[in-house]
Amino acid sequence: MLEAVIVVGLAGLLVFWVVSLFLRPASEGPQVSPAGTWRVAHYDVKGETRVVLQKVREGDTRVVDEHAIASIPSDDPDFDEKFLTAMTAARQRQALFEAEDDG
């Protein structure tokens, strides 16, 4: 009896997923370039500092797009120089992306 309930439940979920997939309006699909603001960011992951360019929604902190600029090992002897170079490159790319969004 329990197995029948599980099978019926899984079949119901599958049908719901397929129907919702086909009945979704086209406007709810993925967007090529969602509206937002570009920002330069960096964070540490497993001993590396990643410099990235992120697109966030207006009035929100949710990241809708991210471009990796550089990944620098934390113990790199030239860390400061590489980090500053990556941040400069990220700011230049930010200006480029903002210009593309405006035009």
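Please read these numbers as outputs of a predicted model, since none were measured by experiment. (Residues numbered from 1 in each chain as written. Predicted model: local features only at pLDDT ≥ 70, side-chain atom pairs only at ≥ 80, totals over all residues. Heavy atoms only, no water.)

Quick look at the sheet that holds strand β1 (residues 37-45) now. Whenever strands of a sheet pair, they do so through backbone hydrogen bonds, lying parallel or antiparallel. One open sheet accounts for 3 strands, arranged β1-β2-β3; its pairing is antiparallel. In the strand order of this sheet, the two ends are held by β1 and β3 (63-73), each with one partner. This sheet shows a mean twist of 20° between the axes of neighbouring strands, independent of strand direction. Both strand β2 (residues 48-56) and β3 contribute to a ladder of 9 bridges, which runs antiparallel. Its bridge partner being in β3, Gln54 is matched across the sheet by Glu66. (Pairing = 2+ DSSP bridges. Helix = DSSP H or I, 4+ residues; strand = E, 2+ residues; numbered from the N terminus. Axes fitted to C-alpha atoms, helices over the stretch in contact; angles between N-to-C directions.)

On to the confidence of the model for the chain, then. Residues with a pLDDT of 70 or more make up 87% of the chain, whose mean pLDDT is 84. Ranking the helices and strands of the chain by mean pLDDT puts β2 first, with 93, and helix α1 (residues 2-23) last, with 82. (pLDDT = per-residue confidence, 0-100.)

Take the nonpolar core next. Counting 7 residues, the largest nonpolar core consists of Val51, Ile72, Phe79, Phe83, Ala86, Met87 and Ala90. The residues contacting Phe83, other than those within four sequence positions of it, are His42, Thr49, Val51 and Ile72. (Core = buried A, V, L, I, M, F, W, Y, C linked by side-chain atoms within 4.5 Å. Buried < 20%, exposed > 50% of the residue type's maximum accessible area, 1.4 Å probe, protein only. Contact = heavy atoms within 4.5 Å.)

Right, let's get into α1. Between its first and last C-alpha, α1 extends 31 Å over 22 residues, near the 32 Å set by a 1.5 Å rise per residue. In terms of residue burial, α1 counts as a barely covered element, since only 0 of its 22 residues are buried. (Expected span 1.5 Å × (residues − 1).)

Applying the stated criterion to the full structure yields 2 aromatic pairs. Centroid distance Trp38 to Phe97: 4.8 Å. Interplanar angle 55°. Geometry classified as tilted. Here Trp38 is found in strand β1, whereas its partner Phe97 is found in helix α2 (residues 79-102), with 59 residues between them in sequence. Residue Trp38 is classed as buried on the basis of its relative accessible area of 6%. Judged by its relative accessible area of 15%, Phe97 is buried. (Phe/Tyr/Trp six-rings, centres within 6.5 Å; stacked < 30°, edge-to-face > 60°.)

Now for unusual backbone geometry. Backbone phi values are negative for most residues with the exception of glycine, while trans is the configuration of most peptide bonds. Here Lys46, not a glycine, exhibits a phi torsion of approximately 50°, which is positive. Note on placement: Lys46 falls in the loop between β1 and β2. For Lys46, a relative accessible area of 85% gives the class exposed.

Before going further, it helps to spend a moment on the pattern of salt bridges. The tally for this structure, following the rule as stated, stands at 1 salt bridge. Notably, a salt bridge pairs Lys82 with Asp76, separated by 2.7 Å at the nearest N-O pair. Residue classification places Lys82 among the partly exposed positions, given a relative accessible area of 39%. Judged by its relative accessible area of 14%, Asp76 falls in the buried class. (Salt bridge = Lys/Arg side-chain N within 4 Å of Asp/Glu carboxyl O.)

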